[in-house]
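Chains, contacts and geometry: an overview
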Amino acid sequence: MQGHRTEAESYLQQALNLADRAGNRQEEARILGNLGVMAVEQGNHAEAMHLFGQSLRMHQASGNRRGASMALGNLGNVFLYLGAYAEASSHYAQALQIQREIGDRHDEALSLGNLGLACCLLEDHQAARVHIQRALEMAQEIGERRSQAAMWLKLGHVLAGLEQTEKRGNGQ
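Residues numbered from 1 in each chain as written. Predicted model: local features only at pLDDT ≥ 70, side-chain atom pairs only at ≥ 80, totals over all residues. Heavy atoms only, no water.

1. As for the overall build of the protein chain
For the protein chain, the count of helices and strands is 8 helices and 0 strands. Listing the helices and strands of the protein chain from first to last along the sequence gives α-α-α-α-α-α-α-α. Sequence-distant contacts in the protein chain: of pairs separated by 6 or more residues, those separated by 24 or more amount to 46%. A total of about 9500 Å² of accessible surface is found on the protein chain, and carbon and sulfur atoms cover 51% of it. Distance between charge centres in the protein chain, computed from 16 positive and 19 negative side chains, equals 3 Å. (Helix = DSSP H or I, 4+ residues; strand = E, 2+ residues; numbered from the N terminus. Contact = heavy atoms within 4.5 Å. Areas by Shrake-Rupley, 256 points an atom, 1.4 Å probe, with all protein chains shown as cover. Lys, Arg positive; Asp, Glu negative; His and termini not counted. Charge placed at Lys NZ, Arg CZ, Asp CG, Glu CD.)

Right under this line is the structure:
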């Protein structure tokens, strides 16, 4: 498996060099995002953050708002993995704002779910519930069954966390 990953990374690097020589900044930004995903898969979170940050800046410079929202979401995922839940929440909220502005309901539902998860981990269970329930509604409206399943799972985590918070508040 590692050999295929190394080969894929080599091809992405070649594509990145070609895009750079051609001056195709949008393609460069997209490839940087793909390299960031590979870095996450390899456990290299610092490199992933660097690559996603580069991708974000290039998407912003070229006016590619959808690409920028994807880079923000990817950065949020890395922060979430690293336990920096407030940072993750901030990045998800920025991605969500862009997705709403451009009418990307699929990614909006995903960002709402991710924002809800970050809120849950920050122990803001009420906000988490609101975000995840809205994400579930959107996934149902657009017919995204996989997203619906993911949101039901996240909602279960939120409700369990809410129950734990209530027990602590009652001294149990």
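2. As for the packing of helix α2 (residues 25–41) against helix α3 (residues 45–62)
With their axes 8 Å apart at the nearest point, α2 and α3 run at an angle of 160 degrees to one another. Regarding the angle of α2 to α3, the classification is roughly antiparallel. Regarding α2 and α3, the two cross each other, and that crossing is left-handed. Contacts from Arg25, Gln26, Glu28, Ala29, Arg30, Leu32, Gly33, Leu35, Gly36, Val37, Ala39 and Val40 in α2 reach His45, Glu47, Ala48, Leu51, Phe52, Gln54, Ser55, Met58, His59 and Ser62 in α3. Residue classes in the contact of α2 with α3 are distributed as 10 nonpolar, 8 polar and 4 charged. (Axes fitted to C-alpha atoms, helices over the stretch in contact; angles between N-to-C directions. Parallel < 35°, antiparallel > 145°, perpendicular 65-115°, else oblique. Left-handed = near helix turned anticlockwise from the far one by under 90°. Nonpolar A, V, L, I, M, F, W, Y, C, P; charged D, E, K, R; others polar.)

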